[in-house]
Amino acid sequence: MTGGARGEGAREEVARTEGVRAEGAWDPGRTPLLSVRDLTRYFPVKGKGLLPGRRAQVKAVDGVSFDLHAGETLGLVGESGCGKSTTGRAILRLLEPTSGEIHFKGKDVRAMGERELRTLRRQAQIVFQDPFSSLNPRLTVGDMLTEVLKVHGLHGDAPGRRKRARELLDLVGLLPEHADRYPHEFSGGQRQRLGIARALSVEPEFIVCDEPVSALDVSVQAQVVNLLKDLQAELGLTYLFIAHDLAVVEHVSDRVAVMYLGRIVEIGPAEVLYRDPRHPYTRALLSAVPRPDPGRRGETGRIVLEGDVPSPVDPPSGCPFHPRCWHPDRDASCSRIVPTLETTLDGTGRRVACTKVATSSDPHP
Ligand SMILES: Nc1ncnc2c1ncn2[C@@H]1O[C@H](COP(=O)(O)OP(=O)(O)O)[C@@H](O)[C@H]1O
Ligand code: SF4
Ligand SMILES: [Mg+2]
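Residues numbered from 1 in each chain as written. Chains lettered and ligands numbered in written order. Predicted model: local features only at pLDDT ≥ 70, side-chain atom pairs only at ≥ 80, totals over all residues.

Asks: Any details on the site of ligand 1? Residues and values, ideally.
Replies: Near ligand 1 there are 13 residues, and of these Phe43, Ala60, Lys84, Ser85 and Thr86 occur at the shortest range. Among the elements that take part in the shell around ligand 1, helix H2 (residues 84-91) stands out by supplying three residues, more than any other. Here the residues of the shell around ligand 1 are counted per class, giving six nonpolar, six polar and one charged. (Near = placed C-beta within 6 Å. Helix = DSSP H or I, 4+ residues; strand = E, 2+ residues; numbered from the N terminus. Nonpolar A, V, L, I, M, F, W, Y, C, P; charged D, E, K, R; others polar.)

Asks: With reference to specific residues and values, describe the sheet that holds strand E7 (residues 206-210).
Replies: If you trace the eight strands from one edge of the open sheet to the other, you get E6-E7-E8-E3-E9-E10-E12-E11, paired in mixed fashion. Taken across any chain shown, the strands that pair with only one partner, and hence form the sheet edges, are strand E6 (124-127) and strand E11 (342-343). (Pairing = 2+ DSSP bridges.)

Asks: Lay out unusual backbone geometry with the relevant residues and their values.
Replies: The backbone of Arg93 sits at a positive phi, close to 55°, despite the residue not being glycine. Residue Leu261 is not a glycine yet carries a positive backbone phi of 45°. Along the polypeptide, Leu261 turns up in the loop between strand E9 (255-260) and strand E10 (263-269).

Asks: Describe the nonpolar core, and please don't skip the residues or the numbers.
Replies: Counting residues in hydrophobic clusters, the biggest one holds 83 residues, and the most contacted among them are Ile207, Phe241, Ala257, Val258 and Ile264. A total of six residues in this core trace back to one element, the largest contributor, which is strand E2 (residues 55-68). Those residues within four positions of Ile264 in sequence are excluded, and the remaining contacts are Val64, Phe66, Ala257, Val258, Met259 and Leu341. (Core = buried A, V, L, I, M, F, W, Y, C linked by C-beta atoms within 7 Å. Buried ≥ 20, exposed ≤ 12 C-beta atoms within 10 Å, placed from the backbone. Contact = placed C-beta atoms within 7 Å.)

Listed below in structure tokens is the structure:
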């Protein structure tokens, strides 16, 4: 973890990213581990589009941009269906992006061929919400782990791989004898530990944690979150930590990005975002989280959003949040003008996509 002090000047960040593109080499001191610009992923869906001859499409991810530095955790939150998983998968090219740029360690991910993608698949892993569905029920845990090591040519011969499998179980807080058991013999929390052990088996640098604790009992959630934090400190990992609940990511995230209908509406240092959320959507989400120190919530109380998230097939015009926005300054311009992410004036490096929040004209995403 690097602490929340990532408020470097936006212009400096642009320069760094341009450096990545120009040189193609990666310098962890200067450039992000992961840089995403204007990422989109649209899915064609059945039914007619708005224009004749055009098919309707779900704009699952619609112009997402962020940087992620080595050793950092970016929390990605928003209601179900807002495009979090699609973002996580598109970054790793488990789903092909529709457009946009992705650079990982200075390399253009979208231009990668088979060989480079294989390397990427080792360096960047994903941990899913439902560990059981991603574990082969017919393999013992030891065989599952040694199989992954074998496929990637890691840890030499069979005894070497078995030894490593036991080390991996130890790393995630399980016992060596668990190697002989099958996935169904484990509890939910233990299965998620297995999912993490499998992800770690290829010694990745970056992990997309896609709602890794959402299916677990609340009491177990904290244990798994703490395990991920400990592993990050021990192994220097970088996380994109996805959750639909702001409370879950608060204690793991250096920075947090809030998504709504395929876009980031607010992104900034976690400490700033939880203490003083600015986007009306973030404020509504946070007002629903019980907090010992109510902070800004004390001013506004619980904000109950009216209606459901609109369909991403036919998103609202202008600000996508306008049909549900509770902000007193909301006006007719909100349904016409699409707000872009702009830096707030508080010097924290936080960016907000709302025309009614005071921002500088810095165009950086
Ligand atoms: N394969 C797909 N085909 C069509 N629509 C999809 C597909 N995958 C996701 N979607 C749609 O894209 C939107 C974003 O989904 P997703 O990224 O899974 O959201 P989240 O992870 O935030 O819950 C949703 O409206 C979802 O229904
Ligand atoms: S731009 Fe308007 S509708 Fe959108 S969040 Fe801001 S006040 Fe609300
Ligand atoms: Mg999801």
